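Listed below are the residues making up each chain.
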Amino acid sequence: MRSEERALISGEGSEGETHLLGTKVTLNDDPWNFVFVLPADVDANKALFAEVMQAPEGTWNKIFTGFRGTGKLDKSVVKDGMTRKMFHSAVVEEIISIFCGPKCGFELNSMTTIDGDEVFLMVGLTDKDATIQLADREKFQAALLQSAYAQEHCGSAIAMPTERGLGNGVFEIDKDEFHRSDNAHPAYVQVDEEIAEHLADFSNADIMRLVRRRIQTFVGLNALLNSGVCLRIFAVHRWSSLQDLHNVGWNDPKNVMYWPRETTIDMVRNKLGAEVGFFFHWYNFFTRWLAMPAVLSIVTFTARNVGPIADDEEKKDMLNIAFACFVAVWSALFLARYEQVKNLKVLKWGMQGASESGAAVRKEFSDAYRGTFRDRMQHGLHWFLLFVFIAEAVGFTGWLSQLRSLAYHDKAGVTWGMSNVTFVTVAKYVTTVNIKVVDKSWAFLSAYLTKQENWRTVQELKAAMTTKLAIVKLFVFFYPFLYIVLLQPFVEGCPGDNGNAGCLHLLQDNLIVLFVTQLATEFATTGAYILLVVIPVKLERDKRPNSEYTYLELQAKAQEYDAETEILDFMTAVLNFGFIALFANALPFICALCFVFNFPMKRILAFKISYVYNCPVPRSADGIGAWAGILSALAYMGVTFNCYISIFFLPLLNHWKLSDKLILFLAVEHILIVLKILMEKMMGEKSIAQTRIQEHHEDTVEKIMEGLLGGGGKTVTAKETKKPDNPYK
């Protein structure tokens, strides 16, 4: 076997080389942040470049913003009748002039791809002085170094606040050298050139945010892509950053049972950005908190099947109810505690108010179009299609369930060309297939429609996309299982002769099938995306076997990790939480299944983001956004649903009157909901650690900044005023 095919990821090879996805590549990613892919002036593009450029002046004005006098239109160069080659040349020349000039100070270079049909224009920000100046102009914030807290600046030394506050301004610091992290929470201040030596270096993700924001100040990227001057733009994965994450096990597919550590997430954020960081921060926290319910679910499962109550159905039902009550309390504590931990992480990463401050206006947004009849109709059509997809899920599930019920009671018959005995088993998988088909179809359609809508900011677009995708996906995934419990006993009856027990067994079987299918689907999807990268690379390499293939060329073949992909990845984790919240009573063992399921799923997702997709474009984020509300809604729905199963579905209270059951249901449900609300309010949004840190910042930051800027820096030169008489003289 050739060395290139030995592993998906390998550090083997000579210096400057590595093996990735079965291909030996030359590392050329450092020091670049973004790559602009341009069509090359070769025979293959001769006809394209010979075309007459349509509306060159208008296109030029869309590409360049004109900020600070840049991108001025020279009508002697850009004019009607010019060829595409002339227009492309003029645009690229102006872009290079802006990027290399004093307003940006970027480092640029170019290279031709292995097949010669594309040119990469690589953009990076490497000069520290230029970085500080740009950060100052763009009003970026940076963390204060320990030196800023020193006595020479503040009159007396000030402690660096940490998560281990002992009171009265005293803090203990814990360092994790392996993950290059600690529990310190330095204050974030606006970047100022005069205090640059006392500011922490920007992370790779921060520099990419700065570069992108500066580029967009001068160039309209969507207009540049639409003009055909640029074929695509992608953020660059730094191999050294991915190797750092690989060395701690985060994106190593072989390290499946890697225990989620809090300090690892700081590395993820620094290298891939806050949005990805908060996604895995929640996923890690969820996995850690799921350990206790998983253990208790195994204990419950064991007690139900091999313990002293294995033959006592009444006690088994009581055990399930007790476990469901535990999950209701657990979900409330989990969400409340995560809110505290998330807010502390927002403080540590300097992301307070990031969603508002980083809300750049989309180039596609039209204020004149907003609120028009056509705009309302566009949104209305999207919501109408949402209900159509939900109706399909309801109708198909009901129709298939009726067929399955008829087949179950007519074992000698035939359905869909197969024996009814076989059909009863196959129907479970048909339900899962329908879920997947509707899910994937809606994901594609809804994402497309959302991007066509007139959303002002990227954050608004993502929130709208998240909401619509979540409504359908959650309904489509959960409805077939809810149908079994809520409707099937009354519409078509439960399989077997044990009443509701038949529906309960059917629900358990379908849940297990879905979990196995979900994991298999993720593996298959990841494999498909790997092939989408590997096959084009192989075809290019086979044509020129003696030419080196670079890491940037491989990244150019990867798919963009866009908002839609991020939402769908997060949805997988949210579904797991929903299954636990909704079905803990019906299948307590689901907690153990989710716990085990989380480990390979996180490795798959981390591997995809690191090696199969382009680097996510880092953006500011102050949490998990709209998902927080969705998770809270699932938790409250779980209380209602588990109360329903306990009182109306399980045979424990079959001897009660319906009116008595209804009264008990309302009472227990309201008690549990009130208990959840009280626990959330008692815990609050801030932990004691965060309160101490913020109070310390409030008491000391002004003094620190006065010391840094006042001593030989920006002195106060107010006009001297008349002194009053001293009353003691």
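Nothing here was measured: the structure is a model prediction, and the numbers come from that model.

The next point concerns the packing of aromatic side chains. Under the counting rule described, the total for this entry stands at 50 aromatic pairs. Seen from their ring centres, Phe-36 and Phe-99 are 6.0 Å apart, and the 55° between their planes marks the pair as tilted. Of the two residues, Phe-36 is situated in strand S4 (residues 34–39) and Phe-99 in helix H3 (residues 84–100); the sequence distance between them amounts to 63 residues. Residue Phe-36 shares its accessibility class with Phe-99, and that shared class is buried. For the ring pair Trp-330 and Phe-334, a centre distance of 5.4 Å and an interplane angle of 5° mean the geometry is stacked. Here the residue Trp-330 and the residue Phe-334 both occupy positions in helix H12 (residues 313–349), the gap between them amounting to 4 residues, near one helical turn. Like Trp-330, the residue Phe-334 is buried in the burial classification.

Attention shifts here to the environment of Glu-553. Here Glu-553 lies in helix H19 (residues 551–556). Not counting residues within four places of it along the chain, the set of residues in contact with Glu-553 comprises Met-111, Thr-113, Ile-114, Phe-120 and Glu-548. Side chain to side chain, Glu-553 and Thr-550 meet in a polar contact 2.8 Å long.

Before going further, it helps to spend a moment on the side chain of Glu-669. With respect to the secondary-structure elements, Glu-669 resides in helix H23 (residues 658–683). Buried and unpaired, Glu-669 has Lys-676 as its nearest opposite-charge partner, separated by 12 Å. Separated by 2.6 Å, the side chains of Glu-669 and Thr-640 make a polar contact. Ignoring any residue separated from it by four or fewer positions in sequence, one finds Glu-669 in contact with Val-639, Thr-640 and Cys-643.

Over its 16 residues, helix H11 (residues 291–306) runs 22 Å from end to end, which matches the ideal 22 Å to within 8%, given 1.5 Å per residue. Buried residues of H11: Pro-293, Ala-294, Ser-297, Thr-300 and Arg-304, and no others. Seen from one end, H11 has its buried residues packed into an arc of 120°, which puts them on one side. What points out from H11, more than 90 degrees from its buried face, is the exposed set Met-292, Val-295 and Val-306. Tucked into the core, H11 has its buried residues touching helix H10 (274–289), H12 and helix H21 (590–612).

What follows is about the pairing of strand S6 (residues 118–124). Most of S6 sits out of view: 5 of its 7 residues are buried. As judged from the 6 bridges shared by strand S5 (residues 107–112) and S6, these two strands associate in the antiparallel manner. Paired with Ser-110 across the strands is Leu-121, a residue of S6. The turn linking S5 back onto S6 is made up of 5 residues, and Gly-116 within it adopts a positive phi angle of 75°.

Let's shift gears to unusual backbone geometry. Cis geometry marks the peptide bond from Asp-30 to Pro-31; its omega dihedral reads 15°. Tracing the chain through its elements places Pro-31 in the loop between strand S3 (23–26) and S4. Residues other than glycine seldom take positive phi values, yet Lys-139 does so here, at roughly 60°.

Let us look at the sheet that holds S4. The antiparallel open sheet is built from 4 strands, whose spatial order is S5-S6-S4-S13. Every other strand in the sheet has two partners, leaving S5 and strand S13 (232–235) as the edge strands with one partner each. Ignoring which end each strand starts from, the neighbouring axes of this sheet average 20° apart. Note: S4 against S13, 4 bridges, orientation antiparallel. Bridge assignment links Phe-36 to a residue of S13, and that residue is Ile-233. On top of the sheet, helix H6 (residues 204–218) reaches S4, S6 and S13; it is set at about 45° to S4, its chief contact.

About the thresholds
Residues numbered from 1 in each chain as written. Predicted model: local features only at pLDDT ≥ 70, side-chain atom pairs only at ≥ 80, totals over all residues. Heavy atoms only, no water. Phe/Tyr/Trp six-rings, centres within 6.5 Å; stacked < 30°, edge-to-face > 60°. Helix = DSSP H or I, 4+ residues; strand = E, 2+ residues; numbered from the N terminus. Buried < 20%, exposed > 50% of the residue type's maximum accessible area, 1.4 Å probe, protein only. Contact = heavy atoms within 4.5 Å. Polar contact = N/O pair within 3.5 Å; in protein donor to acceptor, adjacent residues only side chain to side chain. Lys, Arg positive; Asp, Glu negative; His and termini not counted. Salt bridge = Lys/Arg side-chain N within 4 Å of Asp/Glu carboxyl O. Expected span 1.5 Å × (residues − 1). Arc of directions from axis to C-beta. Pairing = 2+ DSSP bridges. Axes fitted to C-alpha atoms, helices over the stretch in contact; angles between N-to-C directions.

From the geometry alone we can't say anything about function, so treat these as descriptive.
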